[in-house]
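Summary of the model geometry
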Amino acid sequence: MTSIHLLNGPNLNLLGRREPQIYGGDTLADIEAMLQAHAGQRGVALTCRQSNHEGELVSWIQEAGLAGAGVLLNAGAYTHTSVALRDAIAGSGANVVEIHLSNVYAREEFRHKSLIAPVCRGVICGFGKTGYILGFDALVALVALAGPPSA
Ligand code: DQA
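Residues numbered from 1 in each chain as written. Predicted model: local features only at pLDDT ≥ 70, side-chain atom pairs only at ≥ 80, totals over all residues. Heavy atoms only, no water.

**Notes on the side chain of T79**
You can see T79 is positioned in the loop between β3 (70-74) and α4 (83-92). Relative accessible area serves as the criterion here: at 1%, T79 is assigned to the buried category. Residues in contact with T79, not counting those within four places in the same chain, are E98, H100, K113, S114, L115 and I116. (Helix = DSSP H or I, 4+ residues; strand = E, 2+ residues; numbered from the N terminus. Buried < 20%, exposed > 50% of the residue type's maximum accessible area, 1.4 Å probe, protein only. Contact = heavy atoms within 4.5 Å.)

Okay, structure coming up:
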């Protein structure tokens, strides 16, 4: 069975109350439930995790990558700062789709640079919670194309 890990980074636990004019009114639990329902319809196993800690995200990316699971990653602010996340993606060989709720290119200049984008398979941003569905479907297609992990 295809396996996808949804990893959300710092401050995304505050969705619903955090700058709703930018990030929308849904909580992270709402988004995870939406995606779990979608994954169920598609017959894909989905694991959802969130952390405010960079090292924990590093460990989860490694775990998913080494297991051959695809990763849907909203790294939050670490997108713009983290060499460690970038190295975890490159080092574990994880198939990662980077997602953002907001259109980071229409915001402050410091959000225009992603350190992880060059080692991700693609980037989706600016579509709000729908981006999680779009990223998930892209990842399922990618993981299916990649086939099972080599022994
Ligand atoms: C975000 C965009 C980031 O720049 C920001 O730091 C976040 C959320 C988004 O989903 O739009 O925490 O990743």
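**Comments concerning the site of the ligand**
The full set of residues close to the ligand is R18, Y23, N74, G76, A77, H80, H100, L101, S102, V104 and R111. Here an oxygen atom of the ligand and a backbone polar atom of A77 are 3.2 Å apart. One of the side-chain nitrogen or oxygen atoms of H100 is found 2.8 Å away from an oxygen atom of the ligand. (Near = heavy atom within 4 Å. Polar contact = N/O pair within 3.5 Å; in protein donor to acceptor, adjacent residues only side chain to side chain.)

**Let's talk about the environment of G128**
Structurally, G128 is set in the loop between β5 (122-125) and α5 (130-146). The spatial distance from the C-alpha of G128 to the C-alpha of L28 is 12 Å, given a sequence separation of 100 residues.

**Digging into empty space enclosed by the protein**
The final tally for this structure, using the stated rule, is 1 cavity of 30 Å³ or more. Along its surface, the largest cavity is lined by T79, H80, E98, H100, V104, Y105, R111, H112, K113, S114, V123 and C125. Listed by contribution, the elements that provide at least two residues to the lining of the largest cavity are β4 (96-100) and β5. Split by residue class, the lining of the largest cavity holds 4 nonpolar, 5 polar and 3 charged. (1 Å grid on protein atoms, 1.4 Å probe; cavity = no way out; pocket = protein on both sides within 12 Å on 5 of 7 lines; lining within 4 Å. Points joined across faces, edges and corners; volume = space filled by probe spheres on them. Nonpolar A, V, L, I, M, F, W, Y, C, P; charged D, E, K, R; others polar.)

**Concerning the side chain of S82**
Along the chain, S82 turns up in the loop between β3 and α4. Its relative accessible area of 0% is what places S82 among the buried residues. Within polar-contact distance, the side chain of S82 engages the backbone nitrogen of L85 at 2.9 Å. Beyond its immediate sequence surroundings of up to four residues, S82 is in contact with E54, L115 and I116.

**So, the pairing of β3**
The buried fraction of β3 amounts to 5 of the 5 residues, a majority that puts the element mostly inside the structure. The side-chain alternation of β3 yields two buried faces, one formed by G70, L72 and N74 and the other by V71 and L73. Pairing of strand β1 (residues 3-8) with β3, which is carried by 5 bridges, proceeds in the parallel orientation. Of the residues in β3, the one forming a bridge with L7 is L73. Viewed along the sheet, the connection from β3 through α4 into β4 turns out right-handed. (Pairing = 2+ DSSP bridges. Right-handed = clockwise from strand over helix to strand, strands pointing away.)

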